[in-house]
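# Summary of structural features
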Amino acid sequence: MQEGGIRDDGGRGAPKKERGERYAQILDAAIDVFADKGFFKARISDVAEQAGVADGTIYLYFRNKDELLIRIFEEKMGVMIDGVRAELLPVADPLERLRVFARHHFAQVEAHRTLAEVLQVELRLSNKFLKEYRPEKLWQYLAIIEECVRDGQACGRIRPEIDPYVFSWAFFGAMDELAMQWILQRRTRILPMPTAETVADVFICGISTSNPPNPPKKESA
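Throughout what follows, the structure given in this document is the object of discussion. (Residues numbered from 1 in each chain as written. Predicted model: local features only at pLDDT ≥ 70, side-chain atom pairs only at ≥ 80, totals over all residues. Heavy atoms only, no water.)

All right, on to the nonpolar core then. In this structure, F34, V47, L68, L98, F101, F167 and F171 are the most contacted members of the largest nonpolar core, which totals 67 residues. Those elements that provide at least two residues to this core are α1 (16-37), α2 (44-51), α4 (65-88), α5 (94-111), α6 (113-120), α8 (136-154), α9 (164-184) and α10 (192-207). Per-element tally for this core: the top contributor is α4, with 10 residues. Excluding its chain neighbours within four sequence positions, the residues that come into contact with L98 are I145, C148, F167, F171, I204 and I207. (Core = buried A, V, L, I, M, F, W, Y, C linked by side-chain atoms within 4.5 Å. Buried < 20%, exposed > 50% of the residue type's maximum accessible area, 1.4 Å probe, protein only. Helix = DSSP H or I, 4+ residues; strand = E, 2+ residues; numbered from the N terminus. Contact = heavy atoms within 4.5 Å.)

This part is about the environment of V33. Residue position: V33 is located in helix α1. In the structure, V33 is positioned 17 residues away from Q50 in sequence and 7.4 Å away in space, judged by C-alpha atoms. Residues contacting V33, with those up to four places away along its chain left out, are G38, A42, D46, V47 and Q50.

Here we come to the layout of surface pockets. In this structure, the largest pocket occupies an estimated 530 Å³ of space. If you trace the largest pocket, you find 25 residues lining it, with F73, M77, M80, L119 and Q120 closest to the centre. Mapped onto the lining of the largest pocket, the elements with two or more residues apiece are α4, α5, α6, α7 (127-131), α8 and α9. At six residues, α4 tops the list of elements feeding residues into the lining of the largest pocket. (1 Å grid on protein atoms, 1.4 Å probe; cavity = no way out; pocket = protein on both sides within 12 Å on 5 of 7 lines; lining within 4 Å. Points joined across faces, edges and corners; volume = space filled by probe spheres on them.)

Attention now moves to the environment of R22. Positionally, R22 belongs in helix α1. Through-space distance from the C-alpha of R22 to that of Y61 is 9.2 Å; in sequence the pair is 39 residues apart. Contacts of R22, omitting those with residues within four sequence positions, involve V53, T57 and Y61.

No statement about biological role is implied by the geometric values presented.
The following block contains the structure:
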């Protein structure tokens, strides 16, 4: 038992099937509530009402609102990781894998706008997430980008001086910021899928061995 009588067993008192369904039901409700009301203004009772459960039921699965937000991140990032790995599996060329990664990222943002709003905007408002939480799912996501770069360097398709770690953060950072702009914009200047192609083109051209960063200067006559 947790302090105040809150259980930390993830709802293990319920049958396994019911536990999984109820857990997912609460997560989906929280996504809707956090996107609609904002993380700070949202209350556990709002989530319970949206999920159609009693307030106390939420605490069978989550200690507090911050943990609920973090679990959303973990669960949905896990889905993103599995999805992009599946799409990359049949793609041999490391540079093309980066393009597929960008397409998958923006396709998910476009298909799940409410979730994207929670992960892009509301997650940044949680002090617990920013200061205390170790975002291992995010690191796993970035590691896939790093792997593409290392594979490209190994086969001579990507310049050897490129730092895979720095590149992964730069590549993700560009996608993350542009996805944020799409979510917040009032006009449709940024469209997810064309943006995916632009980001991929810029970064692939920047690291490809077929595009040297410092072309030789023309000799003066």
